[in-house]
Structure formats: C-alpha cells, structure tokens
Amino acid sequence: VQLVESGGGLVQPGGSLRLSCAASGFTFSRYGMNWYRQAPGKEREWVAGITSVGDSRNYGDSVKGRFTISRDNAKNTVSLQMNSLKPEDTAVYYCNARRGTATYWGQGTQVSVSS
C-alpha cells in the first residue's frame, strides 16, 4: 500500500495550492479518503473527507469555504484545492485512506504560508 502526496510548498498569504495524493496497493474506490494536517507542536487535525464514490464531502471548520476535496477513482487520486491560504494553514498535510478498521497514511507534504 502506498499513498504519495505532492504539491506542497511555500506560498504567500491569500495564495493557492493544490495537493494531490496518488494511491496504490489497495482498492481505492472502496475507501473513504481524508486529508489531515499537523502543525509544529500541535496534534494532527482532520481537514477534509470524501466518501468512496465522491458523493459526500465534509470539511473542518477552519477550512470550510476555502478548501475543496475531490477524487478521481479512475486515476486513484485524491486532491485538495486550497485557496485563500493563511499563515495558520502552515503544516504537514497527510493523505489518509479509511475503510472500517483499515487505515493507511501517506508520508506527508509540507505547506508553508508566509510572506
């Protein structure tokens, strides 16, 4: 099983980034997918989630209206479009796959928002 995140980087406040996560080694279309983040000295925080078939999306209060999660089951990818980024969005972002008690994590990608 592999989850490989990409797309992180340094961006100015108000800017945008698009994170992607490429999945392999499991039946992607059967898993709900999530994005989490962890800032230095803080606990890991759930950011957004999407159901296995993509018919429902949910967001954490801190990102609602700014971030959009999407998935492509034909390409085994999940993405997170992040707009209107704030310094407090700075964190390592992790891709997560979950189905029942099975859960998989990526290695994370750094997002830094600073002027």
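For the structure on display, the rule yields 5 aromatic pairs. Here Phe-26 and Phe-28 contribute two aromatic rings whose centre-to-centre distance is 6.4 Å and whose plane-to-plane angle is 55°, an arrangement assigned as tilted. Both residues of the pair, Phe-26 and Phe-28, belong to the buried class. Ring centres of Phe-26 and Tyr-31 lie 4.8 Å apart, and the angle between their planes is 70°; on these two criteria the pair is classed as edge-to-face.

Right, let's talk about the sheet that holds strand S8 (residues 77–82) for a bit. Ordered in space as S1-S3-S8-S7, the 4 strands form an open sheet in which the pairing is antiparallel. Of all strands in the sheet, those bounded by a partner on one side alone are strand S1 (2–6) and strand S7 (67–72). Each strand axis lies, on average, 15° off the axis of its neighbour in the sheet, ignoring direction. In terms of strand pairing, S7 meets S8 through 6 bridges, oriented antiparallel. The residue of S8 that forms the bridge with Asp-72 is Thr-77.

What follows concerns the pattern of salt bridges. For the structure shown, the criterion picks out 4 salt bridges. Across the pair Arg-37 and Asp-89 runs a salt bridge whose closest N-O atoms are separated by 2.9 Å. Taken together, the positions of Arg-37 in strand S4 (residues 32–38) and Asp-89 in the loop between S8 and strand S9 (91–99) put the pair 52 residues apart, joining distant regions of the chain. For Asp-89, a relative accessible area of 0% puts it in the buried group. With a shortest N-O distance of 3.2 Å, Lys-64 and Asp-61 are connected by a salt bridge. Within the structure, one salt-bridge network assembled from shared partners comprises Arg-37, Glu-45, Arg-66 and Asp-89.

Calculation notes
- Residues numbered from 1 in each chain as written.
- Predicted model: local features only at pLDDT ≥ 70, side-chain atom pairs only at ≥ 80, totals over all residues.
- Heavy atoms only, no water.
- Phe/Tyr/Trp six-rings, centres within 6.5 Å; stacked < 30°, edge-to-face > 60°.
- Buried < 20%, exposed > 50% of the residue type's maximum accessible area, 1.4 Å probe, protein only.
- Pairing = 2+ DSSP bridges.
- Helix = DSSP H or I, 4+ residues; strand = E, 2+ residues; numbered from the N terminus.
- Axes fitted to C-alpha atoms, helices over the stretch in contact; angles between N-to-C directions.
- Salt bridge = Lys/Arg side-chain N within 4 Å of Asp/Glu carboxyl O.

Everything listed here is a matter of coordinates, which is why it stays silent on function.
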